[in-house]
Every structure is written in C-alpha cells, then in structure tokens.
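# Commentary on secondary and tertiary structure
Next come the chains, spelled out residue by residue.
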Amino acid sequence: MMVVGSLCAVLHGSAQPLMLLVFGLLTDTFIEYDIELTELNDDRKECVNNTIQWKRNYSAAADLSLLLDIEHEMTMFAFYYVGIGFSVFILGYVQISLWVTAAARQIQLIRKMYFSKVMRMEIGWFDCTSVGELNTRMSDDINKINDAIADQVAIFIQRFTTFVCGFCVGFVKGWKLTLVIIAVSPLIGIGAGLMALFVAKLTGMELQAYATAGAVADEVLSAIRTVAAFGGENKEVERYDKNLISAQRWGIRKGMIMGFFTGYMWLIIFLCYALAFWYGSTLVIDTGEYTPGTLLQVFFGVLIAAMNLGQASPCLESFASGRGAATIIFETIDREPEIDCLSEAGYKLDRVKGDIEFHNVTFHYPSRPEVKILDQLNVAVKSGETTAFVGPSGAGKSTAIQLIQRFYDPKVGMVSVTLDGHDIRGLNIQWLRSLIGIVEQEPVLFATTIAENIRYGRPGVSMEDIITAAKEANAYNFIMDLPQKFDTLVGEGGGQMSGGQKQRIAIARALVRNPRILLLDMATSALDNESEAIVQEALDKVRMGRTTISIAHRLSTIKNADVIVGFEHGRAVERGKHNELLERKGVYFTLVTLQSQGDKALNEKARQKEQEPERLNLARAGSYRASLRYVAICLHHFLNLFIIFHPSIERKRSCFNNPFNAYPQKAIPEEDDDELVEPAPVARILKYNAPEWPYMLFGSLGAAVNGGVNPVYALLFSQILATFAVTDPEAQRKEIDGICVFFVIVGVVSFFTQMLQGYAFAKSGELLTRRLRRIGFKAMLGQEIGWFDDHRNSPGALTTRLATDASQVQGATGSQIGMIVNSLTNIGVALIMSFYFSWKLTLLILCFLPFIALSGGFQAKMLTGFAKQDKQAMESAGQVRKNIQNICLHVTRTQNNEREITTYLCFRVISAIVTSGTALGRASSYTPDYAKAKISAARFFQLLDRVPTISVYSNRGEKWDNFQGNLEFIDCKFTYPTRPDIQVLNGLNVSVKPGQTLAFVGSSGCGKSTSVQLLERFYDPDHGKVLIDGHESTRVNVPFLRSKIGIVSQEPVLFDCSIAENIKYGDNSREISMDEVISAAKKAQLHDFVMALPEKYNTNVGSQGSQLSRGQKQRIAIARAIIRDPKILLLDEATSALDTESEKTVQEALDKAREGRTCIVIAHRLSTIQNSDIIAVMSRGFVVEKGNHDQLMAMNGAYYKLVTTGAPIS
C-alpha cells in the first residue's frame, strides 16, 4: 500500500510542472494570435493562405478567416487541462487513502501493543504515572505518530517531486534564466533560516517567562489556604503579573521579527520577479533565445519548485514530533515490568496451608521513596486464624496487605514475605493471586449484572457456584427479592445498589474464588449499623478454615479476632488478644478508649434526639487507599479510552482483567466533563482589547495594503504578457522597464506594511493575553476555598486553564484580525479590478468562486495536516481549481473570437479572481481558531462572572474598632462541599474568652482542624453559627476578620523567596520595615539561626521551604504570624512534626507569642496542652468533655485515661 501510495504521490507531484509546459505553449499561442491581430488591424496588410502580407490593393477589406485556428488550439489545451485535472484528482485520492489506511493499521497495532504492555505493568509504575499522562499518550502521542506516518508522508513525497521536476523544467527549458533566479534564492533561504532561528529563540524565551509565571500561579494555587489566611491575594497577582511582563516583551519582539522577515521575504520575491522579467525579456526580445512561453515556464518552474520545498518543511516538523512521541511510546512498549502479572515463571505449590510471615520488611512506595512506610516489619499470620491489623492511619496496615498480593516487592535489606515458608517472589504470580480473595472498604462493581460481577472473581465459574457464594455472603435473599434476580444490572460503579448490598456482592465475588487467604480491608467501615451487622455475620461465616487478615478501626469488628496486631510507624508494636492488649495500654488501648468514649457520647446525643445516629465513615488517610484507587482510576480511564478507539475490545475486556483478579478495582465516578459553554460574543472579547485600538487600527491598515498586493501582482503579470504582443521594440522595452520598476515599488511597500502589521498585532495581542491572564488569576484567587476542593479546580487544571484559554482568546483578536482584513482586502481589490476590466467574464468566473474558496480553505488545512478530518475528500477538493481554470480558458477563447476582450485582460481577470478565491478560502480556514477563541473566552468569562460565596475582594460586611477576640461555636454542623455524605462537625459547642487558650484534643478526622477553618471563614457552617465578639462570622467582612487572625500549622507553607519576604508575608496590608522583621524573628527564637547564614535574611528558602529543616520552617511561620500582631492565634499541630530539641525551642517561642492573645491550640502531645485554660476533647465532630486539666482529671473520663496511661492521644 505504502509503495503504491508513494508512486501515486510521485506522479501527482509531477503534474504541476507538466501543467507549466502546457501553460507555456498556451501563452505562446495567445501572444502569436495577438501579434497577428495587431498586424491585421493595419489597413495595409492582408492574410493570404495563412500568411500575412502587404496588400496589392489597399481598398480591399482584411480577410480574417484563414488566420491561426485559435478555436482548435484552445480546445486542445482545454482537453490537456481536463486530462491533467482528472488524473490529479484520482492520484491525489489514491495516494492519500492508501497512506492513511496503512497508517491506521499501524496505529491500531501500536495502540494494542501499548495498551497490553500498560496492563502488564506493576502497580508501582501506575503510582508514578498519572492518568492524564496515560490518556495523553494513548490519544495525543499516538495521534502525533499517526500524523507523521499518514498523509504527511504522501504530501512530502508529492511536494518533493514537484520541487525536483520544477527545477528540471527550468534547467531544460532555459538554464540561463534558471541560474539567475537561483542566484537570488539564497537570500530567501537566509531570510527564512534567520526567521526560524529568531522565532524559535524568542518563543523559547517567551515560554520560559510563561513557565515562570505558571510556576508562581501553581505555587500560589497550591498554597491557597496560606494566601487566604494572610490576605496575600493582591500581592500574588502583582507577583504573577511581573513575570507576564517579560513574557509580553518577548512576544512583542517575536511579532516584530516575524513582521520584519515576512516583509523582507516579500521584498526579495518582488525584486526577484523584477530581475527575472527584465533579464527574461532581454532573452526573448534582444537575442530571441526564448519565446514568451518559455520565459513563463522557466520562471514559474523555479518558483513552484521553491514554494513546494518551503511547503514540504511543515511535514518535516510533524515527522520530528512523531518521532519524539514514538520514542516515549516505544520506551513503554519495550519496558519490562518489575512484577509481570501475566508471566508464566515461578513455582506453583501442590498444597497450601496459608501461613504468612513478614521478615524484617522495610518498604517505600516508588512514588515517594523518601517516606518509609514499613520499617523492619515482623509479623506472622497462622493458617486458619483471623488476624486483625489495627493502628492509626498511615501506620502501614494496608501496605502489608498489598505486599501479600505482590502489588509491590520490598526493595530494602534481606526482606521477604513468605507463604508456607516460600518467598512469594519465587511463586507464580497468577497462581498466588488466585489463592487470595479481597473485600475492601468501597468495593468496585462493574456496570453489568450481579451474576457477571460475582463471576468476575473467577471467570468461567458455573451458576451453582455463584448461588453458593451468594448464600455464604448473606446476599442470596436480597438478590432473589429483585425482579430480575441475578440478571439485575448494578449500574455504573454499583450505583443502583445500597452500600450493604454492594459489600455483600463483593464478598460473594471474593468467595467464588474459594480463596485460601481472605483479606478484609475495612470491609464494614462504610456501612450503617444494620448493614454492618448483616455483612459482619457474612464475614464471620466465611472466615472459618481460612487464613484471614482483617484491617478495621471498629471495635465490634476486631474483638473476636484470634490475634490482634497493633501497628505504629510501620512496625508491629504489639500482638495479643483483646484483653491482653487492653492491659498493655499501648496503641490498641488508645484506640479503644477514644472510640468507646465517642460511642458513649454519640449514644447519649442520640437518645436526647431520639433518632438513629448516623454511622460515620472515618475516612482513612492511608497512602494505600490513594495509591490503589489511583491505579484503578488509571485503568478505568484507560480502558474507556482504548474501547473508544477499538470497539472490538469491549467484548474481550475480560482477558485484560487477569492481573487484577485478586483485587476488585475501585469504581470510578466518571469525571464530569466541563459543562458545555455558550461561545462568548466577540464584542465582549474586543472590549478587553479596547485600550489597544490605535495599534489595531494601524495594524489593519498594514494588513489592508498587504491584502492588495496579490491582485496588483495579477495586474502586473498580465501586463507583462501584453508587452510581448507590442510590435514596436522601443515601446516594448519602455513598458517592460516600467513594470519591473513597479515590481520593486510593490516589494518595498510590502516590506514596510508587513512590518507594521506584524508589530501592531503582536503588541495588541500580547497586551490582551497579559491582561486576561492577570484578570483570570485575580478572579481565581477571589474564589472561596471550597471551590478549590473541586477536582476540576486543582492547581494543575487552573494553571493550564490560565495558560491555554488566555492564549486561545488571541484567535479572535490580534494577528487573526490582520489575516482576516488581509483576505477581505484581497477579495475586494480583486473584484473591483475584474469588474472594471471585463464584467461578463467576471460574472461567469464568480459562479465558480465557491469552489475556488473551498479549495483554498482545504489547502490551508492541508498545510497544517488534517489528521482529524477525512483527508481523501480534502485532497480531491484541492484539485478543483485546476478544472475551473480550464472552463475559464474555454470562455476566454469564445470571448476572444468575438474580440470583446484582449488575451492579457482575460489573464488579468482570471488570475485576480483566482487569487481572491484562495484568499476567501484562507479567510474561512481561520474559523476553527476563531471558534476555539470564542469557547475559551466563554470559559474565561464564566470564571470572571462567578460570584464566590465568601468574597475576599468585597468591602461588604461588619468591621469594628475594639476587636477583643471573644469566640463562640454554637451547635455548628458542617460537611465539606466535595464530600457532602461525611458529617465532619456534628453540633460543636465551645467558647473561649479574650486572652484565654483553648486546646482541642481528639483522634484524626474528629473535626479539630475543620473548626479552625470555620473561624478563618474558609468555609461557613451548614447549620449553627460561629460568633466573634458577638458578631456572626458570616456577616463579618472577610479581609477584616482574617487580618485579626494569625495561624501556624503543622506543615507551614513557605514561598520560594527570601526569609525576610516570607516573614513580611504575615501582613500584606502595609510596608513592613526590616526592624519589625528582626523583632518578630527574635520573638520566634529565629534571629540567631538566620544571622549564622551567609546571606542572613536574604537567604532563599527554596520551593516550599525545601532548603530549611522543619524546626526552622516552623519558626519562620511563627515569626510570620507574630508580625501580623493578631488578636487570635491558631496553632494547628504546630510542634507535632518536630524532634524533641526543636520542639522545645519552638514551644518557647509559641508560649511567648500566646501572651495576651486568644489562642486555639490543636495538639496530640500532653505537654503542649496541659497549661491551657480550656481543654476540649473531641470525638466524631463534637465535644465529649471540656474543662481545664485538673477538672478533666477529676472527671475520670477519656482525658483521665489518656493522661494516666501516658498513651499518645491519636
């Protein structure tokens, strides 16, 4: 296919030079005929036997009948043209369709290879590869390869052939003139080369500046809470804008350089025309070496050759980007997975008992090698026993389960996980996973029937086995109650089923495998009491006789386990039965104490309200959940994408599921695509560009003049043909010189107007882009914090939106306006000219204008590579013009016979209309950019028009002078906007007087940090209220409130600038002197350390403070809070991440800072809390006990237990 396609492309490429040969003969015939007519107009001459001679008798009329038979000649030429046009049509179609088909087959193969390799990769690979990246590879990168091997190859071969044939025509027909023209062409080459060089360099600089601005935006959006807390919105907008200014400068320079070189190229081309016609006419008239036709053949042969060489270069660009994309794709295809789930290697044991043991296992996730998850873990799980793993989030429980399934292999030291004494790394992986059944917190069901979902556990299993598994999982009865029983569809992600039903189907799916080892990862935590009891009963039934490992946070789930293993910091720190561990007063004891206290309080609350308490999902922060869900998301998106490309795969989907049989994947909620937006009105886009109207006016003026150049060229070209028909040598020479001078003038004018157009539109476009980015960034920073929680508004997505939308809006203004004005002037001038010279012929040709416009538009598309549309249709349409010219010639012939119009006028009209038609086509090819610009602008305006629920920029709201710092939470209930199903605060009541310190104590996720965020007004409570000095927080002016609060959090966010600037960030409402910075630093115990640094306060802290230790970062954050001189100080786990020595220093600094201020402390360590005026013990979103240290000790409640046993409060 590729060979035949290439052959067609070669023939297609040679068609244009072939047309030139016909065109040369045609011109000679016309000029000969014109000369004869001129001579016969002389009364003294006559035509006898087809020869013109002096009359014998002057009074006789001239006999015109025996002249050159123009009609016959023209008919012949018309046939030639139709023949060439038709063959080009066929060849073009065949060449493109063959190449495209061949490419499509190769691409399908590459996609399949890529996808099947991705499915074999180990889970760690997915941790380090984002879904977005895989989707991009699957679509964009493979499309780039497609572009490189599809139509572009055929077009390249075609253009290269035209280049070779054009030069051959030139050299064969007239080597002298060819050499003269070639002598000039290096000037064009140098111009094009320099332009490419400069543009590439300046684009690089511009992109660099935009990247810096993007990095600022990314840093700010990632740290949006810190920016909001310290009121740094306007400061950040200025910082972003600073980087945009330099990008704008480079962009304007790029526009100037492009304008200059485009002008230079036009100048050289017109000078080249002048030189060629001047020298060519000498060869025609003075020496008679050439005919006028030969002159045109040579001139256009070389011109077409040069143009096609130029047009072939975009193909080289797509070859390069295709090769770049292919490198990455083939790297993945060639990569050998570290754990190959389809590999046949490894032992399969005959008998399996199910003893599992961890020997000194140390493990880091590949995506976070600096965080140690398991630290020399030693655990033995006996066969047939139920072992429960308990411990705080992130202690490594789920990771241990993943190592058993061999999703990862531990890398460090002499480590192994053994099954019956065999290192699992030596066992066959498919066989190993077939022994394991897993049920997790949020089971993944696929959008098919219940039976198919259960069968997913073991493909090919019989219906009896499915029913047995359903009965064991307590699922049979509810399934039989459904109208369609086992054929009931569960909906996308199991959406049609309740939590308990989904969980039981997942258990049945695990059981149908008849696993030796059962892994239960928080299997009941997401359920309400009733469902939990049913599911728990099912689990207790199926655990019998199997090795079971259960991870849970709920006591009820764990109590009956044979062995309980307590995890902390990646180690198994305790092991035993329920009662033994309670006596040891360690991790397990802490967990039980907090939970029973919370349960008791909840039950009391429930009794008061006489309603069923809601079961809360204590969402786990385990790194495991994130990493696995992530893999599932990858595969899900990926499968969808693959199936879009290959519908045939849908049926074979099950063959890809093999590697993950042991692990039902996480159901992925489909991400909402961007809401459909109405394209924005152009008037509104232009309104943002209004300040640049003088630039746009001058630019349009330049563009209009440039548009007139093409028709003027048609005028000059036809004029040259006319001069060859002049019989008087003197007059002829004079006319030719005049035309050559005119060419030079047009070239010089073109040079200046191109420069003007380039500069003016670059300036207006760049200013608009900068303005839009700035406004957009400001609007983003003005949104409430809840808006940023939405996954569609992640820092990455927002930075991309800033970058792409703003630059795409240029498609409706800036240089696009120039192009459109250019095309419209071109059309206008050409039409006026044509009607002036011959209205009849013009009207006739206008009938074909739509076709010419279409072919112009298609060709403009062809230059950019139309991989996305149907290429064959386009390629064929590109040939329409040639056929139209034939018809025009035929008409011309008729008009010539009737002597209504001279030959050269006919040429003038045809070429003027044809150039205007292509201009029309070019103008229409800008519509996609234009449409894109309107959509981007609409998305942009959507952001600008959005009214945030908590506005930072508004002056509305209460302010008062004597701010005390009296705080009160009254029955506050709250859920995060992105997780409305999880109640975080459940009726919080607590108050603190001015100058007092309130400490919140409680386990992770009980709502301590959330209450601080309500105070900062990052969110407003759903129910209840927060009072500040008696004023309701929702009515207080946001900037005013935040200016009175200073915050120090567990992981303080520092910005990538100097220490001094980071401290000054504490108060963005005024200029802060260096003395104040030093005094704040002294109060924060920071000054001595800073003075020891070489650059002192000008030391850069690195991205997110990476150059400093945690203690140093924490003290800078304290100094930053102090310089604000806040009335309320919030300390959120301010010392928890520090070692003992740093903690002491930081604690001293904090004690100093607290003096005379209302303070809220969140902490896990007793030493930090016991001096507080009020201690509030929180559980499940409300306060279970409060009072000072002594009062709480006297109450003998949760706090007392925690203090007396010395257990950590976590």
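Keep in mind the model is a prediction, meaning the values are calculated, not measured.

Here we take up the overall build of the protein. For the protein, the helix and strand inventory stands at 43 helices and 22 strands. Among the 1210 residues that make up the protein, the fraction classed as buried is 54%. Accessible area for the protein stands at about 51800 Å²; split by element, carbon and sulfur atoms hold 57% of it.

The next subject is helix α39 (residues 1110–1123). Helical periodicity: at 3.6 residues per turn, an α-helix aligns residues three or four positions apart in one direction. Between the first and last C-alpha of α39 there are 20 Å, a value that for 14 residues agrees with the 20 Å anticipated at 1.5 Å per step. At the C-terminal side of α39, Asp1125 shows a positive phi close to 50°.

Turning next to the nonpolar core. Phe777 and Leu1015 are the most contacted members of the largest nonpolar core, which totals 65 residues. Here this core takes 7 residues from helix α6 (residues 175–222), the largest share from any one element. Counting contributing residues per domain, this core is built from domain 2 (175–289 + 676–881 + 902–954) and domain 4 (1055–1125), each supplying no fewer than three. Once residues lying within four places of it in the same chain are set aside, the contact partners of Phe777 are Ala217, Val220, Leu221, Glu236, Val237, Tyr240 and Leu802.

So, on to the pattern of salt bridges. Applying the stated criterion to the full structure yields 26 salt bridges. A salt bridge links Arg455 to Glu452; its shortest N-O distance comes to 2.7 Å. One end of the pair is Arg455 and the other is Glu452, both in helix α12 (residues 450–455) and 3 residues apart, which spans about a single turn. Through salt bridges with shared partners, a single network forms among Glu238, Asp241, Arg770 and Arg774.

Further remarks concern the packing of aromatic side chains. The full count for this structure, using the stated rule, is 37 aromatic pairs. For the pair Phe270 and Phe743, a centre-to-centre distance of 6.1 Å together with 35° between the ring planes defines the contact as tilted. One end of the pair, Phe270, is in helix α8 (residues 233–286); the other, Phe743, is in helix α24 (residues 729–781), with 473 residues separating them in the sequence. Ring centres of Tyr836 and Phe837 lie 5.0 Å apart, and the angle between their planes is 75°; this geometry places the pair in the edge-to-face category. Look at Tyr836 and you get exposed, because its relative accessible area is 67%. Of note, Lys471 hangs over the ring of Tyr476, and the distance from its end group to the ring centre comes to 4.8 Å. The aromatic ring of Tyr953 is capped on one face by Lys778, whose charged end is 5.2 Å from the ring centroid.

Right, let's talk about helix α37 (residues 1074–1083) for a bit. Of all the positions in α37, only Val1077, Ala1080 and Ala1081 are classed as buried. Taken down its axis, α37 places every buried residue within 100° of arc, on the same side. Elements in contact with the buried residues of α37: α36 (1059–1064), α38 (1087–1091) and α39.

Spatially, 6 strands are ordered β18-β19-β20-β15-β21-β22 in an open sheet, and the strand pairing comes out mixed. This sheet does not close on itself; its edge strands, each paired only once, are β18 (1045–1049) and β22 (1182–1187). The mean inter-strand angle of the sheet, taken between neighbouring strand axes irrespective of direction, is 15°. The pairing of strand β15 (residues 997–1001) with strand β20 (residues 1158–1162) spans 4 bridges and is classified as parallel. If you follow Ala999 over to β20, its bridge partner there is Val1161. Across the face of the sheet, helix α34 (residues 1008–1015) comes into contact with β15, β18, β19 (1128–1132), β20 and β21 (1174–1179) while running at roughly 150° to β20. Along the sheet face, α39 touches β18 and β19 and points at about 175° away from the line of β18.

As summarised here, the arrangement of the 6 strands in space is β8-β9-β10-β5-β11-β12, forming an open sheet in which the pairing is mixed. Looking along the sheet, the strands with just one partner apiece sit at the ends: β8 (436–440) and β12 (571–576). Here the average twist between neighbouring strands, direction ignored, is 20°. As paired strands, strand β9 (residues 517–521) and strand β10 (residues 547–551) are joined by 5 bridges and run parallel to one another. Directly across from Leu520, in β10, lies its bridge partner Ser550. Taken strand by strand, helix α10 (residues 397–404) contacts β5 (386–390), β8, β9, β10 and β11 (563–568), and its axis lies near 150° from that of β10. Together, β8 and β9 form the strand contacts of helix α15 (residues 499–511), whose direction differs from that of β8 by roughly 170°.

To continue, consider the environment of Ser185. Structurally, the position occupied by Ser185 is in helix α6. A relative accessible area of 32% places Ser185 in the partly exposed class. Between the C-alpha atoms of Ser185 and Leu303, which are 118 residues apart in sequence, the distance is 9.7 Å.

With that out of the way, let us pick up a nonpolar patch on the surface. A grouping of Val705, Val741, Phe742, Ile745 and Val749 is seen on the molecular surface, where their side chains present a nonpolar patch of about 400 Å² in accessible area. Of all the elements, α24 adds the most residues to the nonpolar patch, at 4 residues. Examined against the element boundaries, Val749 turns out to sit in helix α24.

Moving on, we get to the confidence of the model for the protein. Per-residue confidence for the protein gives a mean pLDDT of 77; residues scoring 70 or more make up 80%. Throughout residues 863–878 the model reports pLDDT below 50, and contacts reaching past four residues in sequence, or to other chains, amount to 35 contacts. Here residues 1206–1210 is a poorly scored stretch, pLDDT under 50, and it has 12 contacts once near neighbours within four places are set aside; other chains count.

This part takes up unusual backbone geometry. Its identity is not glycine, yet Lys485 carries a phi of approximately 50°, on the positive side. Looking at the secondary structure, you find Lys485 in the loop between α14 (476–481) and α15. Positive phi, normally seen in glycine, also occurs at Asp971, with a value near 45°. Its place among the elements puts Asp971 in strand β13 (residues 967–974). A residue is classified by how much of its surface remains accessible, and Asp971, at 25% relative accessible area, is partly exposed.

What counts, and where the lines are drawn
Residues numbered from 1 in each chain as written. Predicted model: local features only at pLDDT ≥ 70, side-chain atom pairs only at ≥ 80, totals over all residues. Heavy atoms only, no water. Helix = DSSP H or I, 4+ residues; strand = E, 2+ residues; numbered from the N terminus. Buried < 20%, exposed > 50% of the residue type's maximum accessible area, 1.4 Å probe, protein only. Areas by Shrake-Rupley, 256 points an atom, 1.4 Å probe, with all protein chains shown as cover. Expected span 1.5 Å × (residues − 1). Core = buried A, V, L, I, M, F, W, Y, C linked by side-chain atoms within 4.5 Å. Domains from an automatic or database assignment. Contact = heavy atoms within 4.5 Å. Salt bridge = Lys/Arg side-chain N within 4 Å of Asp/Glu carboxyl O. Phe/Tyr/Trp six-rings, centres within 6.5 Å; stacked < 30°, edge-to-face > 60°. Lys NZ or Arg CZ within 6 Å of the ring centre and 35° of its normal. Arc of directions from axis to C-beta. Pairing = 2+ DSSP bridges. Axes fitted to C-alpha atoms, helices over the stretch in contact; angles between N-to-C directions. Patch = residues over 30% accessible without salt bridge, like charges linked within 9 Å, V, L, I, M, F, W, Y side chains within 5 Å. pLDDT = per-residue confidence, 0-100.

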